[in-house]
Amino acid sequence: MNRFIENVTPGIAELTPYVPGKPISELERELGISHSVKLASNENPLGASPKVAEAIGRSVAELARYPDGGGHDLRFALGVKHDVDPARITLGNGSNDVLDMIARVFLAPGSESLFSQYAFAVYPISSQAAGAKLVVAPADDYGHDLDAMRLRITGATRVIWIANPNNPTGTWLEADELKAFLAAVPENVIVVVDEAYSEYVTQEAYPDVSRWLEDFPNLVVTRTFSKAYGLAALRVGYGISHPDVAELLNRVRQPFNVNSFAQAGALAALEDQAFIQSSVEANLAGLTQLIEGFEALGLGYIPSVGNFITVELDCSGVEIDQALLREGCIARPVANYGMPNHLRVTVGLPEENRRFLDALKKVLGR
Ligand SMILES: *Cc1c(COP(=O)(O)O)cnc(C)c1O
């Protein structure tokens, strides 16, 4: 064994890396197939607004220049969108980058990081890398149980992570319960509300937590351009917080973490809200199509408000996933979330959903 292995910091020595959805090119290379469908990473099947590619094309002229490290134009546009001072906005190389900055600023050996069972995998990874102790509150029917979370707050708790809606379960929290929870959290504890899928949620009681920042200085909201905006390849997300939190995050932020194309593309994407509207409508229709398909196959599922849904199988999700891959369908097993008999599938185009349901029927032998 290489001698440096013994010098790896304790949190990282125990860490297992994030497993992303399999790229289409990799599957097709491995199996020698073509025309496969990827419904594994909650990407927008409609792509992105055409305005984005135009904006990126224009910014190619500046290829040799460093990006605007302060992200001025995008931060100001986001400030207008959320009606907040741009000093509250922190740009990230994807919102995962912002989540990681939060962990690096507020977590260390001896501190505790609190999140729900089945919560998004990046919370434990970033927390553990920072050396914090992971505290997992049991879920309530796959959703976050805020009472169970509150009971696990101790004097060592530094960050609480809440995904609303959560990935991979698609479960969500209503405004009243979430606000009551925030009011009960000590002010020295950072609460992250990860709204990666917020654009897709049409429920009346779903909150836009960025409106509560004046009431809760310890609140950080994260958003992303990777999901409804369809810009996963660009890697751009952001946090909205108290300016003092933003100033702390800026201390660890890499100077040019969001590249020029991402900044220009995100800015253009913000201006095309009609694209978001049509994405949301297509998603609702696709969710219905998948649910009807699951019901026809006699399968249970976790009701979801995101652009994905987790179906319950009566056998190993990893095995079914392998069989689906041979049919050219890439979905996402969630055994690593402690859900060995579930499979998460992203809402695709109608014909992609059909392909997935037909393949599922075939591999399940129904
Ligand atoms: C996809 C996702 C993110 C964001 O990913 P980025 O591409 O890094 O912005 C954040 N949180 C959750 C819950 C997600 O599912």
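Everything numeric in this text was worked out from a predicted model, so none of it was measured.

So, how was this worked out
Residues numbered from 1 in each chain as written. Predicted model: local features only at pLDDT ≥ 70, side-chain atom pairs only at ≥ 80, totals over all residues. Heavy atoms only, no water. Helix = DSSP H or I, 4+ residues; strand = E, 2+ residues; numbered from the N terminus. Buried < 20%, exposed > 50% of the residue type's maximum accessible area, 1.4 Å probe, protein only. UniProt positions renumbered as here; feature names shortened; annotations may be inferred. 1 Å grid on protein atoms, 1.4 Å probe; cavity = no way out; pocket = protein on both sides within 12 Å on 5 of 7 lines; lining within 4 Å. Points joined across faces, edges and corners; volume = space filled by probe spheres on them. Nonpolar A, V, L, I, M, F, W, Y, C, P; charged D, E, K, R; others polar. Domains from an automatic or database assignment. Near = heavy atom within 4 Å. Polar contact = N/O pair within 3.5 Å; in protein donor to acceptor, adjacent residues only side chain to side chain. Areas by Shrake-Rupley, 256 points an atom, 1.4 Å probe, with all protein chains shown as cover. Contact = heavy atoms within 4.5 Å. Buried area = accessible area lost by both parts, 1.4 Å probe. Salt bridge = Lys/Arg side-chain N within 4 Å of Asp/Glu carboxyl O.

Chemist: Please set out unusual backbone geometry residue by residue, giving values where relevant.
Modeler: Of the consecutive residues Asn164 and Pro165, the connecting peptide bond is found in the cis state with omega at -5 degrees. Topologically, Pro165 is positioned in the loop between β5 (157-163) and α8 (175-184). That bond from Asn167 to Pro168 is cis: its omega, 20 degrees, falls within 30 degrees of zero. Position of Pro168 among the secondary structure elements: in the loop between β5 and α8. In this structure, Asp141 is a non-glycine residue whose phi angle is positive, near 50 degrees. With respect to the secondary-structure elements, Asp141 resides in the loop between β4 (133-137) and α7 (146-151). Residue Asp141 is classed as exposed on the basis of its relative accessible area of 64%. Its identity is not glycine, yet Arg235 carries a phi of approximately 65 degrees, on the positive side. Overall, the relative accessible area of 29% leaves Arg235 in the partly exposed class.

Chemist: Tell me about the UniProt feature "domain: Aminotransferase class I/classII large" (unreviewed entry) in the protein, and name the residues and values.
Modeler: If you check UniProt for "domain: Aminotransferase class I/classII large" (unreviewed entry), the listed places come out as residues 36-360 in our numbering. Spanning residues 36-360, this segment combines 38% helix with 17% strand, and its end C-alpha atoms are found 14 Å apart.

Chemist: Explain the environment of Gly170 to me, and be specific about the residues and the numbers.
Modeler: Within the secondary structure layout, Gly170 lies in the loop between β5 and α8. Put simply, Gly170 and Gly143 are 27 residues apart on the chain and 8.2 Å apart in space, counted from C-alpha to C-alpha.

Chemist: Break down the layout of surface pockets for me, citing the residues and quoting the values.
Modeler: Roughly 650 Å³ of volume is contained in the largest pocket. Lining the largest pocket we find 34 residues, and of these Pro17, Val19, Ala121, Asn336 and Tyr337 sit closest to its centre. Elements that contribute at least two residues to the lining of the largest pocket include exactly β3 (112-116), α6 (122-129), β4, α12 (317-326) and β12 (332-333). Residue composition of the lining of the largest pocket, by class: 20 nonpolar, eight polar and six charged. If you count residues domain by domain, the lining of the largest pocket takes at least three from each of domain 1 (21-47 + 274-364) and domain 2 (51-270). Taken as a whole, the second largest pocket spans an internal volume of roughly 530 Å³. What lines the second largest pocket is a set of 30 residues, and nearest its centre among them are Tyr18, Ser41, Ser226, Lys227 and Arg235. In terms of residue count, the dominant contributor to the lining of the second largest pocket is helix α5 (residues 95-106) (three residues).

Chemist: Can you lay out the site of the ligand for me, pointing to particular residues and giving the numbers?
Modeler: Inspection of the region around the ligand gives Gly94, Ser95, Asn96, Phe120, Asn167, Asp194, Ala196, Tyr197, Thr224, Ser226, Lys227 and Arg235 as its neighbouring residues. Within the side chain of Ser226, a nitrogen or oxygen atom sits 2.6 Å from an oxygen atom of the ligand. Within the side chain of Arg235, an N or O atom sits 2.7 Å from an oxygen atom of the ligand. Relative to its unbound accessible surface of 390 Å², the ligand loses 94% to contact with the protein.

Chemist: Explain the domain arrangement of the protein to me, and be specific about the residues and the numbers.
Modeler: When cut into domains, the protein gives domain 1 (21-47 + 274-364) and domain 2 (51-270). A straight line from the C-alpha centre of domain 1 to that of domain 2 covers 26 Å. With 25 residues of domain 1 at the interface, the matching set in domain 2 holds 24 residues. Taken together, both faces of the contact between domain 1 and domain 2 bury some 1,900 Å²; the carbon and sulfur share is 65%. Among the residues of domain 1 in contact with domain 2, Ile276, Val305 and Tyr337 are the three that bury the most area, contributing 34% of the side total. Between the two partners, domain 1 and domain 2, sit zero salt bridges. Where domain 1 packs against domain 2, one counts six residue pairs in polar contact (both at pLDDT 80 or more). Only α11 (273-296), β10 (308-312) and β13 (342-346) provide two or more residues apiece to the side of domain 1 that touches domain 2.

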